[in-house]
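Descriptive analysis of the structure
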Amino acid sequence: MNDSALISVGLPIALAIIMFGLGLSLTVNDFRRVVRSPQAAGIALVLQILVLPLIAFGLVVGFNVDPRLAVGLMLLAASPGGPTANLFSHLFRGDVALNITLTAVNSVFAAFTIPVITNLAIGYFDADGELGLQLGKLIQVMVIVLIPVALGMVVRRYARSFAERADRPVRIFSIIVLVVVAVGALLGERENLVDYFQQVGLATGLFCLISLTLGYLGARLLKLGAPQAIATSMEIGIHNTTIALTFALSVLNSTEVAIPAVIYSILMYIILATAFGFAISRGTRTAAAKEPQLQG
């Protein structure tokens, strides 16, 4: 699977298209909004860049996870939020504008932090073999993340109607890519799946819950409103697994490193994000249900 043109060429191109689609939803004002909402942006960046990698490190060390699987969870922790986080925020009455802002900022930082954190993990866990990151691969990561986002923003600036029409197809495309790649990775390692779930399943599940909880509680401790807390929770908790999978499969050439992202996708999207969203948005939903009665 790793040697195929689909993985080495097709997957980076697919990710570039997804990041282009992300750029189509962004404007310069989304970055300026950071200045107007410094607390939300600050807590999100601190959690994303510093706290989550430390938590992932503690989990893989505590559970004595296999080196390549450990690198995979660290890579996942370094990956930013993405369009799916925005969708879940919308479903549970979060501040979607804040989500878009956090996604924009985190995606830019991730182009630099993903290689750094992954390289540190490779060195610490002595994950030998083909996992070393040369300069060319570092540049590749930045190219497939940053340049498509910038191009998407330019298109939105000068062809807004096209950007709006393209938004839904690109989102659908991103979901299809994620499912196809995740299923492909699972099939490629099907003989070892039970062992992988035993090794990293619990650590990944705990990472999911901790990420969601920290995003929510961090915002609430800063006295941000419920919609902002929901947005921060989804942004910090729901990582862009397509970036993690692309990095693992096409840059590091390792299906094993991709496994934590696959397990995370199953646990997060199907179970944990939905359950957590219902739990933290209960009060918001109740208030919204009463609002028409109060007005009447």
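Anything mentioned here points back to the structure above.
Below: a short report on this structure. (Residues numbered from 1 in each chain as written. Predicted model: local features only at pLDDT ≥ 70, side-chain atom pairs only at ≥ 80, totals over all residues. Heavy atoms only, no water.)

**Let's talk about the packing of helix α10 (residues 226–237) against helix α12 (residues 255–280)**
Quick reminder of the rule: To obtain each axis, a line is fitted to C-alpha atoms, and for helices this fit is confined to the stretch in contact; angles are then taken between N-to-C directions over 0 to 180 degrees. Secondary structure is summarised from DSSP: a helix means a run of H or I of at least four residues, a strand means a run of E of at least two, and numbering begins at the N terminus for each. By the definition adopted for this analysis, an angle is roughly parallel if under 35 degrees, roughly antiparallel if over 145, roughly perpendicular if from 65 to 115, and oblique otherwise. Throughout, a residue-residue contact means that at least one pair of heavy atoms, one from each residue, lies within 4.5 Å. Each residue is assigned to one class: nonpolar for Ala, Val, Leu, Ile, Met, Phe, Trp, Tyr, Cys and Pro, charged for Asp, Glu, Lys and Arg, and polar for all the others, Gly among them.
In the contact formed by α10 and α12, the axes pass within 11 Å of each other and the chain directions differ by 170°. As summarised for this structure, α10 and α12 are arranged roughly antiparallel, according to the angle between their axes. Where α10 abuts α12, its residues I230, S233, M234 and G237 lie against Y264, M268, A273, F276, G277 and I280. Here the contact of α10 with α12 is composed, by residue class, of seven nonpolar, three polar and no charged.

**Digging into the environment of L249**
Along the chain, L249 turns up in helix α11 (residues 241–251). Separated by 237 residues in the primary sequence, L249 and P12 have C-alpha atoms spaced 9.6 Å apart.

**Some remarks on unusual backbone geometry**
Test applied: When a residue's accessible area, from a 1.4 Å probe over protein chains only, is under 20% of the maximum for its type it is buried; when over 50% it is exposed; and in between it is partly exposed.
We note that N64 has phi near 55°; this positive angle belongs to a residue other than glycine. Relative to the assigned elements, N64 resides in the loop between α3 (38–62) and α4 (67–78). In this structure, R93 is a non-glycine residue whose phi angle is positive, near 65°. Checked against the element boundaries, R93 lands in the loop between α5 (83–91) and α6 (96–124). For R93, a relative accessible area of 45% puts it in the partly exposed group.

**A few points about the side chain of T232**
Mapped onto the elements, T232 comes out in helix α10. When neighbours within four sequence positions are excluded, T232 is seen to be in contact with I43, L98, L102, G215 and A219.

**What to know about α6**
Rules: Note on bend: the value at a residue is the angle between axes fitted to the seven residues ending there and to the seven starting there. Between N or O atoms, a polar contact is any pair within 3.5 Å; within protein, one atom must be a potential hydrogen donor and the other a potential acceptor, and residues adjacent in sequence are included only when both atoms are from side chains.
A110 marks where α6 bends most, by close to 45°. Near the N-terminus of α6, the side chain that reaches the backbone nitrogen of A97, with its oxygen 3.3 Å away, is that of D95. Looking one or two places after α6, you find D126, whose phi comes out positive at around 50°.

**Some details on the nonpolar core**
Definition in use: Residues belong to a common nonpolar core when they are buried Ala, Val, Leu, Ile, Met, Phe, Trp, Tyr or Cys residues joined through side-chain atoms within 4.5 Å.
Of all hydrophobic cores here, the largest spans 87 residues; its most connected members are F207, M234, I238 and M268. Of all the elements, α12 adds the most residues to this core, at 13 residues. If near-sequence neighbours (up to four positions away) are discounted, M234 is found in contact with A85, F88, S89, F92, N99, L212, A273, G277 and I280.

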